[in-house]
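Summary of the model geometry
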Amino acid sequence: MAEVYKVAIIGSGPAGLSAAAHAARLGLSHILIEKTDHLSDTIYRYQKGKHVMATPSVLVLRSDCDFDAGKREKILDQWNQDVAAAGVNVKFNADVKAITGDKGAFVIELKTGDPVQAENIILAVGTQGNPNLMRCEGGDLPHVQYQLDDPGEYTDEHIFVIGGGDAGIENAMGLIADAGQNNTVTLLNRGADFPTAKKPNVDGLLAARDAGRIGVLTESNTALVEPGWITVETPQGSTRYKCDRIIARMGAAPPRAFVEAAGVAFASPDRTAFPTLTPTFESTTKPGIYVIGALAGYPLIKHCMNQGYDVVEYINGNTSLEAADEPLLKDKLRGLPGNKSVAEWLEFLRSHVEILNGLSPLQMREFLLDSEVRAYKAGDPIFVRNEQGSSLFGIASGSVKVEVDPSNPNVTVPIGESSIFGEVGLISGRRRGATIRAADACICVEIPRMAALKLMSQVPEARETVNRITTERQVLQIFKSGLTPADIKDVLAGAEVKDVKPGEAIITEGDLSDDLFIIRSGSMIVEKTLGGKPMFMSYVPAGSYSGEMAMIERSPRSTTVKAAIRSTVVKLPAGPFRELLKRKPELDKRMRDEMKARREINAFVESQQDKFAGAVDMYSSVANFLIKQGIGEATDVLLIDESLCVGCDNCEKACADSHDGLSRLNREAGTTFANIHVPTSCRHCEHPHCMSDCPPNAIRRGPDGEVFISDACIGCGNCQRACPYGVIQMDKPPPPKPSLLKWMLFGMGPGPGQPDYAWRKKAAAKQNSESPKLAIKCDMCSGKSGGPACVRACPTGAAIRVSPDAFLSVARIERSAG
Amino acid sequence: MTQTGVQSGRVRQRTHEGFLRHKGFRWAIVATGLCVAAIGVYFFAAQSLMEAPSGGSWLGYILGTVSAGLIVWLACLGVRKRAVSDGHYSLKAWVSAHVYLGLSLTVLATLHTGFQFGWNVHTLAYALMMLVIASGGFGIWAYTVMPHRLSANRGEITRRQMLDTLESLDGQLQEAAQPLDRAGAAIVRHSVQDTQIGGAFWQRLSGSYSNCANKQSLDQIRTLSRTGASGEVLVKIEELMQQKADALALARRQMRITGLLEVWLFVHIPATFALLAALIAHIVSVFAYW
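Since the structure is predicted, the reported quantities are computational estimates derived from the model, not experimental observations.

We now examine the overall build of chain B. Each helix and strand counted, chain B has 11 helices and 0 strands in total. For chain B, the sequential pattern of α-helices and β-strands runs α-α-α-α-α-α-α-α-α-α-α. Its C-alpha atoms give chain B a radius of gyration of 28 Å, clearly above 19 Å, the size a compact globule of 290 residues would have. Expressed as lengths along the three principal axes of its C-alpha atoms, the size of chain B is roughly 95 × 70 × 30 Å. Here chain B holds 290 residues, and 42% of them are scored as buried. When contacts within chain B are restricted to residue pairs at least 6 apart in sequence, those whose partners lie at least 24 apart make up 76%.

Take a look at the structure:
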């Protein structure tokens, strides 16, 4: 009979090895099961010399393995030593096939070798160790590999790289970088294009193809792998190529099916959902299985290592262990009234705020690490109208009042305990629509956008609540006129939330539909057919409504309204809304006034079309060009008037000189239309793509609406890959250069602007310090009283920063016609 | 029409003006006012003074001090342009004022001379000043006309991309030349190794490159016989060289336009320093040898 271990740890990443080291130190019978022949495969697979960061810096490391920011090699060496010193029982090359049994008697079946038996299981498999595999015949042959550590290793080989993402392209380019290696490299891509890869990567690949240095097969699939050969299905038919090595880079997926098969339930079917766990990381559905690390939703190394330690303590029967984040939470909750302990606060907030009701205590802890709890006195402002903010607030006790009328702060609407506010900013990303003050002494929890989105994806009830309240509030806020929730109950009963793809029309000119639309997120453009072609009439940002003319006048649609970018709209049925208008003459008047204003704008464009067809055409085509450049999701974009730009690059120099010597904009790059040039520079999207996957949550929106990257950046590069506009670069700030005066008088240093590479290298060598590459992007000169340096430093006035709704106004026609 | 907040806060514009039209020609108006006032006072004073107004009269001192102050201030643009400070300033406004106040010097300083010219350091300072202003005038012309051409020429291609294209074409030429005999290879090598993109200063400005190595190679390749195995290779090489010639023409036009945008500075800046030196000599000598 084989040994039954007290605890089996699956996966030897930071979480797993920390758990194993602690189990070993405690003298627990344990086994660390690792799929590969080395520890911590994810970090092992980082490129050579990569700098690994240790965030959050405030969190204390509690582990028997040491960890500090540094080079990949140093960290791996350290861990290998620590694991050896602790006397961890590691089983390498053990790929787990299935987990069966229950607490006290689990059986871990391996793909090869005898099954392992354990009382408890710690799942620390992460999300990266599960690359998508080649499924064709022969895909399991030894010359098929899923990573490339050192491209310099291979010479004189015929190599196929499979996958047209960044990983595949970077590997392929690495293999042909040195012609002396004499490799014949071919990249195989399933599609015709490379939509997931960064543009410079794709450009580099295509240039290499044109130069005959690499073969690229698109719209192709592998049909068969044989030793020394590969058979590829191309649109032209199937071809057999010589092939000594296959590097498959087809992405990775969290091993959800495997985890679920073991009995561990996930919070929702959502792709991003995590397993449901108790405060001690134990599965709620399968006692005895503990889930930690990235798989549990903690992507940062320090969190993982702490959890490894903690979970072993729990398994060892330590119930009084104070979590490593306890001091952080204590600190966060200090100064609040009531003298409650952390646990009491967590429970108080969870039970008092409706959207938090569905959270587990563990989720509550993590949630609170991201959020802020604040006490307000009666009358304190919580946020002010027109402020930038995308966070959501929950009221744990007391109530707040919303100043719905900007001209009269005495007109307020109350929001009571357990409800939420600020959700419009969260969903539309626009500025705050109203000032909110504490009505009496109250305690609110502020949830940053990312934490709120995570909450909504983890807890379906929270999502429904937020959606319901949002629609109601948005209708109240847009139409104002003293409406109350009771007034609009019938309208909301028929409301329908719809996602709209870019270019899809919600209203088509000439149609007989009469519903009203509220733009919840994204933006719309209004077009009308004039002289046989669609003319741009106006731009409708999120937080506005559209379609009122047909609803009020029961006439066919006079314009087409279509999405500028991916948007969400709420469709309100016309019938109940007309009833509402009948009951509320004030609202009726208000909407008719606005309708009149809109109609005047349309009429103006039409009348100008007769007189100055050229000016209107230009206005329309410029607007369409800008929308195509993604201006529809921008909040603030840098444009360059090419009729004024002398190409002095002073904008770039000013940018570099006001930001640690690195320019965040590339004036020349980007697209141009009719004198308007959109340079490669951040446009501070309403819903920044870069924010979507930032492990340390370092990308935030600042007080002036700027999207900036804080010092917490770990240099992972996710944001750079996520940005569709290519405005984020990974770089390290150059060493400080001599002052302007020294340069002007004595010629010292490289002068204004971003120093050239040679100078940086020389100066960095003198400094002799290692600094990591971090994500660098425009912060709109946050904190500089003069505003963006690029605009200030333009000698001719060519550089301007605009917001789309102001720039795409009909004023342009008047100017070009006049 | 919309429910979003007003665009509060910092620089964010609906429309914009170039440096010449800045704030509705504010500095043009100021400069014109200055000139008109100076001319008015000059002719008023000319009548009341005993002799014709010169640099030595009370009017001459005022005009001289104002002009010298302006010259020093105008020269400070070079520092302002490069010193990126955090506070609120607009380089466009500076340039606008620089242009119009600089032009106003033609009137102010001329009146300061009292139309007394001679072969001396005083007139030298005046002449240098006029040279600086004239070169600046060329600059205004270049800044008005060239941006259109610059933009139209490059389209959406960046400088880096132009150089990369040339480098890539060179790489392709070298690969394509592998099967050629020694003589053929020499022609290709001439194009790859000896082609200068820019060349000398005047060449850049004139845009004439009659001795371009690529052009010579292209002419020679065309004369080679297309028979036999190398025929196909030669067609390919000729194609590549033609592409390279087009890419070179684009890059050289770009350099010519950027050259024109900068060439006046090669007069404007050194002449400014000479002017400052002459101005000091002028002021010192006036007071020392009164």
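We now examine the overall build of chain A. If you tally the helices and strands in chain A, you get 25 helices and 41 strands. Since a compact globule built from 818 residues should have a radius of gyration of about 28 Å, the 30 Å found for chain A is in line with a globular shape. Viewed in the frame of its principal axes, chain A has a C-alpha envelope of about 85 × 65 × 65 Å. Counting across all 818 residues of chain A, residues that qualify as buried make up 55%. Carbon and sulfur atoms form 51% of the exposed surface of chain A, whose accessible area is close to 33,900 Å². Here chain A contributes 92 positive and 99 negative side-chain charges, whose respective centroids are spaced 4 Å apart.

Looking at the element boundaries, B:Arg159 is found in helix α6 (residues 159–176). Between the alpha carbons of B:Arg159 and B:Gln254 there is a distance of 8.6 Å; along the sequence they are 95 residues apart.

Residue and element names in this part refer to chain B. Its domain assignment divides chain B into domain 1 (22–81 + 90–155 + 264–288) and domain 2 (159–263). Just the C-alpha atoms count here: the centres of domain 1 and domain 2 sit 47 Å apart. Across the contact, 12 residues belong to domain 1 and 11 residues belong to domain 2. When domain 1 packs against domain 2, the two sides together hide about 1,100 Å² of surface, and 66% of this comes from carbon and sulfur. The largest share of the area that domain 1 buries against domain 2 comes from Met146, Leu150 and Asn153, three residues that together contribute 49% of it. Taken together, the connections running from domain 1 to domain 2 amount to 0 salt bridges. Listing elements by their share of the side of domain 1 that touches domain 2, those giving two or more residues are α5 (121–154) and α11 (265–288). The element best represented in the side of domain 1 that touches domain 2 is α5, accounting for 8 residues. When the residues that make up the side of domain 1 that touches domain 2 are grouped by side-chain class, the tally is 9 nonpolar, 1 polar and 2 charged.

Quick look at the interface of chain A and chain B now. Taken together, the contact between chain A and chain B spans 70 residues of the former and 46 residues of the latter. Where chain A abuts chain B, roughly 5,000 Å² becomes buried across the two surfaces, and 52% of that area is made up of carbon and sulfur atoms. Of all residues in chain A, the largest losses of buried area upon contact with chain B belong to A:Val646, A:Glu668 and A:Arg792, amounting jointly to 13% of the total for that side. Where chain A packs against chain B, one counts 1 salt bridge. Residues B:Arg154 and A:Glu642 are paired through a salt bridge, measuring 3.8 Å at the closest nitrogen-oxygen approach. For the pair chain A and chain B, the number of links is 11 residue pairs in polar contact (both at pLDDT 80 or more). Of all the elements, strand β35 (residues 666–673) of chain A adds the most residues to the side of chain A that touches chain B, at 6 residues. For the side of chain A that touches chain B, the residue count by class is 27 nonpolar, 23 polar and 20 charged.

This part is about the sheet that holds β35(A). Residue and element names in this part refer to chain A. Pairing is antiparallel in the open sheet, where 4 strands are placed in the order β35-β36-β34-β41. Edge positions in the sheet fall to β35 and β41 (799–802), since each has one partner strand and no second. Pairwise comparison of adjacent strand axes, ignoring direction, gives a mean angle of 40° for this sheet. Strand direction decides the pairing type here: strand β34 (residues 637–641) and β41, joined by 4 bridges, are antiparallel. Of the residues in β41, the one forming a bridge with Leu638 is Arg801.

All names here are of chain A. Strand order in the open sheet formed by 5 strands is β9-β16-β10-β11-β12, and the pairing between neighbours is parallel. Pairing within the sheet leaves two strands with one partner each, and these edge strands are β9 (144–145) and β12 (215–217). Docked against the sheet, helix α4 (residues 166–176) engages β10 (158–162), β11 (184–188) and β16 (245–248), running at close to 170° with respect to β11.

When the pLDDT values of chain B are averaged, the result is 88; 93% of them are 70 or greater. When the criterion is pLDDT under 50, residues 1–12 of chain B qualifies, and its contacts beyond four places in sequence or with other chains add up to 43 contacts.

Going through the model one piece at a time under the given rule, you end up with 21 aromatic pairs over all chains. Note on A:Phe281 and A:Tyr314: the rings are 6.3 Å apart at their centroids and 40° apart in plane angle, and the pair reads as tilted. Linking A:Phe281 in the loop between α6 (256–261) and β17 (289–291) with A:Tyr314 in helix α7 (residues 301–315), this pair joins segments that are 33 residues apart in sequence. Taken as a pair, A:Phe281 and A:Tyr314 share a single burial class, namely buried. Seen from their ring centres, B:Trp73 and B:Trp94 are 5.2 Å apart, and the 20° between their planes marks the pair as stacked.

What follows concerns the domain arrangement of chain A. Note: interface size is frequently given as the accessible area lost on complex formation between the parts. Considered domain by domain, chain A is made up of domain 1 (4–129 + 254–315), domain 2 (144–248), domain 3 (326–479), domain 4 (503–610) and domain 5 (626–817). Between the C-alpha centres of domain 1 of chain A and domain 4 of chain A there is a distance of 55 Å.

Our focus in this paragraph is the state of the cysteines. Put plainly, a disulfide is one covalent bond tying together the sulfur atoms of two cysteines. Residue and element names in this part refer to chain A. This structure, assessed with the given rule, holds 0 disulfides over all chains. No disulfide involves Cys442; its nearest neighbouring cysteine sulfur is the one of Cys444, lying 3.9 Å away. Overall, the relative accessible area of 2% leaves Cys442 in the buried class. Its relative accessible area of 1% is what places Cys444 among the buried residues.

The next thing to look at is a nonpolar patch on the surface. A cluster of nonpolar side chains, A:Leu741, A:Met744, A:Leu745, A:Phe746, A:Met748 and B:Val79, forms an exposed patch at the surface whose accessible area comes to about 600 Å². Broken down by element, the residue count for the nonpolar patch peaks at 4 residues, all from helix α21 (residues 740–746) of chain A. Counting through the fold element by element, A:Met744 comes out in helix α21.

Quick notes on the rules
Residues numbered from 1 in each chain as written. Chains lettered and ligands numbered in written order. Predicted model: local features only at pLDDT ≥ 70, side-chain atom pairs only at ≥ 80, totals over all residues. Heavy atoms only, no water. Helix = DSSP H or I, 4+ residues; strand = E, 2+ residues; numbered from the N terminus. Rg over C-alpha atoms; globule rule 2.2 N^0.38 Å. Buried < 20%, exposed > 50% of the residue type's maximum accessible area, 1.4 Å probe, protein only. Contact = heavy atoms within 4.5 Å. Areas by Shrake-Rupley, 256 points an atom, 1.4 Å probe, with all protein chains shown as cover. Lys, Arg positive; Asp, Glu negative; His and termini not counted. Charge placed at Lys NZ, Arg CZ, Asp CG, Glu CD. Domains from an automatic or database assignment. Buried area = accessible area lost by both parts, 1.4 Å probe. Salt bridge = Lys/Arg side-chain N within 4 Å of Asp/Glu carboxyl O. Nonpolar A, V, L, I, M, F, W, Y, C, P; charged D, E, K, R; others polar. Polar contact = N/O pair within 3.5 Å; in protein donor to acceptor, adjacent residues only side chain to side chain. Pairing = 2+ DSSP bridges. Axes fitted to C-alpha atoms, helices over the stretch in contact; angles between N-to-C directions. pLDDT = per-residue confidence, 0-100. Phe/Tyr/Trp six-rings, centres within 6.5 Å; stacked < 30°, edge-to-face > 60°. Disulfide = S-S within 2.5 Å. Patch = residues over 30% accessible without salt bridge, like charges linked within 9 Å, V, L, I, M, F, W, Y side chains within 5 Å.

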